[in-house]
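Structure at a glance
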Amino acid sequence: MDFNFKTYQVVKLKKYFKNNGLFFLFHSTKLNLTKWTLIEQNLKKLKLGYYKPLNKTTIKTFKNSIYKNFGSNIVGFILFINARYKTTTLSLLSVIKSLKPSFTLISVKLNNNIYSTTQIKGLNELSYKKSMFTLYKVLDKQLKTSYVLTNKKKTSK
């Protein structure tokens, strides 16, 4: 099988989007081999994996998908970086700081939505479990306070 065949690359890109719920899209300049090996080692230390798609096939795939408006942002060398292990919790600021010398963050794909850097400015952690736990705590507190308030009204009559 020819792995450089464009239809194979398109299928591989679609499969990557379907299987990975969270990943970062970074823009980078082309690097020589020694710098690239250092970056690969840094990614491995951070427990991150990467995928380098072809630009033309990426743009073509985006034009035929639900990400039509995002295709114009892909110009140059693009990397998709994701967590290598599902249990890894990622701090957005630490990932950006560690990769900042060689990459710039374009956006984040999270649950079939692509968010730009301006949309995720206030976001610190990208852990689904922690976010759901915080939401549960807030809802629990709100329910308890509303119960206390309604319970007092009934007893005062």
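Above: the structure in question.
Residues numbered from 1 in each chain as written. Predicted model: local features only at pLDDT ≥ 70, side-chain atom pairs only at ≥ 80, totals over all residues. Heavy atoms only, no water.

As a further point, take the packing of aromatic side chains. For the structure shown, the criterion picks out 12 aromatic pairs. With 5.8 Å between their ring centres and 15° between their planes, Tyr16 and Phe80 make a pair best called stacked. Here Tyr16 is found in helix α1 (residues 6-19), whereas its partner Phe80 is found in strand β3 (residues 77-83), with 64 residues between them in sequence. This pair shows no difference in class: Tyr16 is buried, exactly as Phe80 is. Members of the aromatic cluster, joined through ring pairs, are Tyr16, Phe17, Phe23, Tyr51, Phe62 and Phe80. (Phe/Tyr/Trp six-rings, centres within 6.5 Å; stacked < 30°, edge-to-face > 60°. Helix = DSSP H or I, 4+ residues; strand = E, 2+ residues; numbered from the N terminus. Buried < 20%, exposed > 50% of the residue type's maximum accessible area, 1.4 Å probe, protein only.)

Further remarks concern the side chain of Asn20. With respect to the helices and strands, the residue Asn20 is situated in the loop between α1 and β1 (22-28). When its relative accessible area of 17% is taken as the criterion, Asn20 is described as buried. Setting aside residues no more than four positions away along its own chain, Asn20 makes contact with Asn82 and Lys109. (Contact = heavy atoms within 4.5 Å.)

A separate point is the pairing of β1. Extensive coverage of β1 is indicated by the burial of five of its seven residues. Summarising the sheet, β1 and strand β4 (residues 103-110) pair through seven bridges and their orientation is antiparallel. From the neighbouring strand, His27 faces β4, where its bridge partner is Thr104. Strand direction decides the pairing type here: β1 and β3, joined by five bridges, are antiparallel. Looking at the pairing, Leu25 lines up with Phe80 of β3. (Pairing = 2+ DSSP bridges.)

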